[in-house]
Amino acid sequence: MALLWKLASLLVVALVVTAADAKTHDGRAHGNLPRRPSVPVVPLPDNGPVVSRNGTQLPAYNTTYYFDQLIDHTNPSLGTFKQRYWHTYELYEKGGPIILFTPGESNADRYSAYLTNATINGLLAQELNGATIVLEHRYYGLSNPYPDLSVQSLKYHTIQQAIDDLEYFAKNVVLPQPDGDSVKPGQAPWLLIGGSYSGALTSFAVVNKPGLFQAAYASSGVVESIVDYWGYFQPILDNMARNCSSDVQAVIAHIDTVFTFGSKKEKESIKALFNMTALEHLDDVAGALRNNLWDWQSLSPSSGGGLFFDFCDALEVKDGVSAGPHGWGLQHALQAWGKYWTNTYYQTLCGDQDVVTCLGTYNPQQDIWTDISVDNSGRSWTWIVCNEMGFFQEGAPWGHPTIVTRLVQPAYDERQCTYYFPEAFKDLGHLPVPNVDATNKAYHGWFVKANHLFFANGRRDPWREATVAADGLHFRSTPEQPLALSDGFHCSDLRTANAVVDPTVNAVQQQALKAIAGWVAEWKPSQQQ
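Visitor: In this structure, what is going on with the environment of Thr467? I would like to understand it.
Guide: The topology assignment puts Thr467 in the loop between strand S13 (453–458) and strand S14 (483–486). On the basis of relative accessibility, which here comes to 0%, the residue Thr467 falls in the buried class. Remark: the alpha-carbon pair of Thr467 and Val222, spanning 245 residues in sequence, is separated by 4.8 Å. Ignoring anything within four residues of it in the chain, the contact list for Thr467 reads Ser220, Gly221, Val222, Val223, Trp446, Asn457 and Leu473. There is a polar contact of 2.7 Å between the side chain of Thr467 and the backbone oxygen of Arg464. Only 3.0 Å separates the side chain of Thr467 from the backbone nitrogen of Ala469, close enough to count as a polar contact.

See the structure below:
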């Protein structure tokens, strides 16, 4: 059986398999699944052929390479799988660092721009004469030990295995560059970069593998695993327009009240307003409205607008006039939200899917739960969510302002875990609760202390409360473990275009370049390889 698995896994490398589910506009497989802590995709610069500093023409940035990665780092006898990576030594000079980046919970073939100076990775390479690598995370894209994402296959999909992947790759890869067999840790300084989940993975790896990386950079790193992550919406509430937040709070409070205490007629009236009469469960209806708030995560200093602003304009601009700080009030905002949702937004969110397929979560036979094909990032990420990290994005506790429904609580998402992975949770006797305490204990969460680890965050990032920049944490920034804050959004400091339009992002990037250059200058060869 092991041989059959191995042969089948080799076939995966040659096949591009797409999940059967249609995607939402932000890449999720379903409209009532929470946003992931993902690294933003950066457009690949069109600068013509890739040329090294000595004039040699190099392979294109999107050239794919393969590394034989261990399936199980605790049992190497299980064999290896093909892990994809992308690489360039365009800016490299002998003695320069090797800069390793993983986009985390996504197919990595869209991230080759992270080899270039369109990103902080390339800026560091340019400054320090480094080579850059994008490594696809196990169980995402086409880097899969087995040919499906069944519970049996996902046994080796853990945070620790992903950390071990980074170490094994660094110590064993022969890079496609002239000195590629002599730049392992100990022979050259290695830098690790990540954003969002992979920013957390960067912090975790520095804690778990001390001395492996000479320096590390974590952007918007969600280092603290949290089950009830209602704090996702707090930076949105703090930073959105006052008129819009006032009206959104009023509408959500009204819907929650009607759905909890109202008559059947009143409930059906609200469902009809949003064209959701086919949805049986009221938490699906109210939870769907989180989508308009989730769009905040797609904003960046260089985006110049976005769906979130379209939504607020729909509520707050009436006859060409914008509402004052208290908004137009419940009646106008409720009707305006319903009109915007049904006439404009639903098509953007769901395409040609019917409302039950796009937003309903109570049919355990629905394709989203049963599709076990590879390159299904939603399923792979949900395995980590259900077992190790949580991050269920719900309404705020009573007594605290909320811009999303309180009808959706962790049990709503934990039920979905049992639909995705019934074999894993069938014998629990209760809904599965992610073991976030073990994750935070193993990798130190908010309380990480490590040398040569640079944290960067944006004040307007919805993931801020899971990072070391969380409100009330009072994280102590030090020269060896700095925390630099910009006015940016999620992972804004990873992209150089954001620094052009936002001086606070530029300041973070410049601070990082200076700090990391100093750490690299301290590096000395060793025998650790």
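The discussion continues.
Visitor: How should the state of the cysteines be read in this particular structure?
Guide: Where two cysteines share a covalent bond between their sulfur atoms, that bond is called a disulfide. Applying the stated criterion across every chain yields a total of three disulfides. Here Cys244 is linked by a disulfide to Cys312, with a sulfur-sulfur distance of 2.0 Å. Measuring the twist about the S-S bond at about -85°, one finds the Cys244-Cys312 disulfide to be left-handed. Residue Cys244 is located in helix H6 (residues 242–261), and its partner Cys312 is located in helix H10 (residues 307–316); the two are separated by 68 residues in the primary sequence. Between Cys386 and Cys417 runs a disulfide, and the two sulfur atoms are separated by 2.0 Å. The disulfide joining Cys386 to Cys417 has a torsion of about -90° about its S-S bond and is therefore left-handed. Pair noted here: Cys386 is in helix H14 (residues 377–389) and Cys417 is in helix H15 (residues 410–420), with a separation of 31 residues, a long-range link. As far as burial versus exposure is concerned, Cys386 and Cys417 are alike and both buried. Numbered by position along the chain, the disulfide-linked cysteines of the chain connect as 1-2, 3-4, 5-6.

Visitor: Help me out: how do you make sense of the pattern of salt bridges in this one?
Guide: Opposite charge on two side chains allows them to pair when their charged atoms are near. All told, the structure shown has 16 salt bridges when counted by the stated rule. For Arg464, the salt bridge goes to Glu465, with nearest N and O atoms at 3.1 Å. Exposure class is identical for Arg464 and Glu465. Each is buried. A salt bridge links Asp471 to Arg464; the shortest N-O distance between them is 3.1 Å. Judged by its relative accessible area of 8%, Arg464 is buried. Several salt bridges converge on common partners, so that one network encompasses Asp164, Glu167, Lys171 and Lys209.

Visitor: Could you clarify how one ought to interpret helix H17 (residues 436–443) in this entry?
Guide: Working note: α-helix, 3.6 residues per turn, so residues spaced by three or four point in the same direction. Among the residues making up H17, those that are buried are Val436, Thr439, Asn440 and Tyr443. Along H17, the residues classed as buried sweep out an arc of 95° about the axis, all on the same side. Exposed residues on H17 whose side chains face more than 90 degrees from its buried face are Asp437 and Lys441. Buried-residue contacts for H17 involve helix H3 (159–172), helix H4 (197–208), strand S9 (226–228), H14 and strand S12 (390–392). Immediately downstream of H17, the backbone of His444 shows phi near 75°, a positive value.

Visitor: What's the story with the layout of surface pockets in this structure? I'm lost.
Guide: To find leftover empty space, one rolls a probe the size of a water molecule over the atoms. In this structure, the largest pocket occupies an estimated 830 Å³ of space. Along its surface, the largest pocket is lined by 34 residues, and Asp26, Val39, Val41, Arg110 and Tyr111 are the ones closest to its centre.

Conventions adopted
- The residue numbering used here restarts from 1 in each chain and proceeds along that chain's sequence as written.
- The model is predicted, so local features are restricted to residues of pLDDT at least 70 and side-chain atom pairs to those at 80 or more, both for listing and for counting; the totals for chains, interfaces and linings are taken over all residues.
- In computing side-chain values, all of the structure's heavy atoms are included and hydrogens and water are not.
- Helical segments are the DSSP runs of H or I of at least four residues, strand segments are the runs of E of at least two, and each set is numbered from the N terminus.
- The cut-offs for exposure are 20% and 50% of the maximum accessible area for each residue type, with area from a 1.4 Å probe on protein chains only; residues under the lower value are buried, those over the upper are exposed, and the others partly exposed.
- Any pair of residues with heavy atoms lying within 4.5 Å of one another is described as a contacting pair.
- The term polar contact refers here to a pair of N or O atoms within 3.5 Å; inside protein, the definition further demands a hydrogen-donor-capable atom paired with an acceptor-capable atom, and it admits residues adjacent in sequence only when both atoms are side-chain atoms.
- We call a pair of cysteine sulfur atoms a disulfide when they lie within 2.5 Å.
- The term salt bridge refers to a pairing of a side-chain nitrogen on Lys or Arg with a carboxyl oxygen on Asp or Glu at a separation within 4 Å.
- Here the arc refers to the set of directions running from the helix axis out to each C-beta atom.
- Grid spacing is 1 Å over the protein atoms alone, the probe is 1.4 Å, and a cavity is where that probe fits but cannot get out, while a pocket is an open set with protein on both sides within 12 Å along at least five of seven lines and lining residues have an atom within 4 Å of a point.
- Grid points are joined across faces, edges and corners, and a volume is the space filled by probe spheres set on the points.

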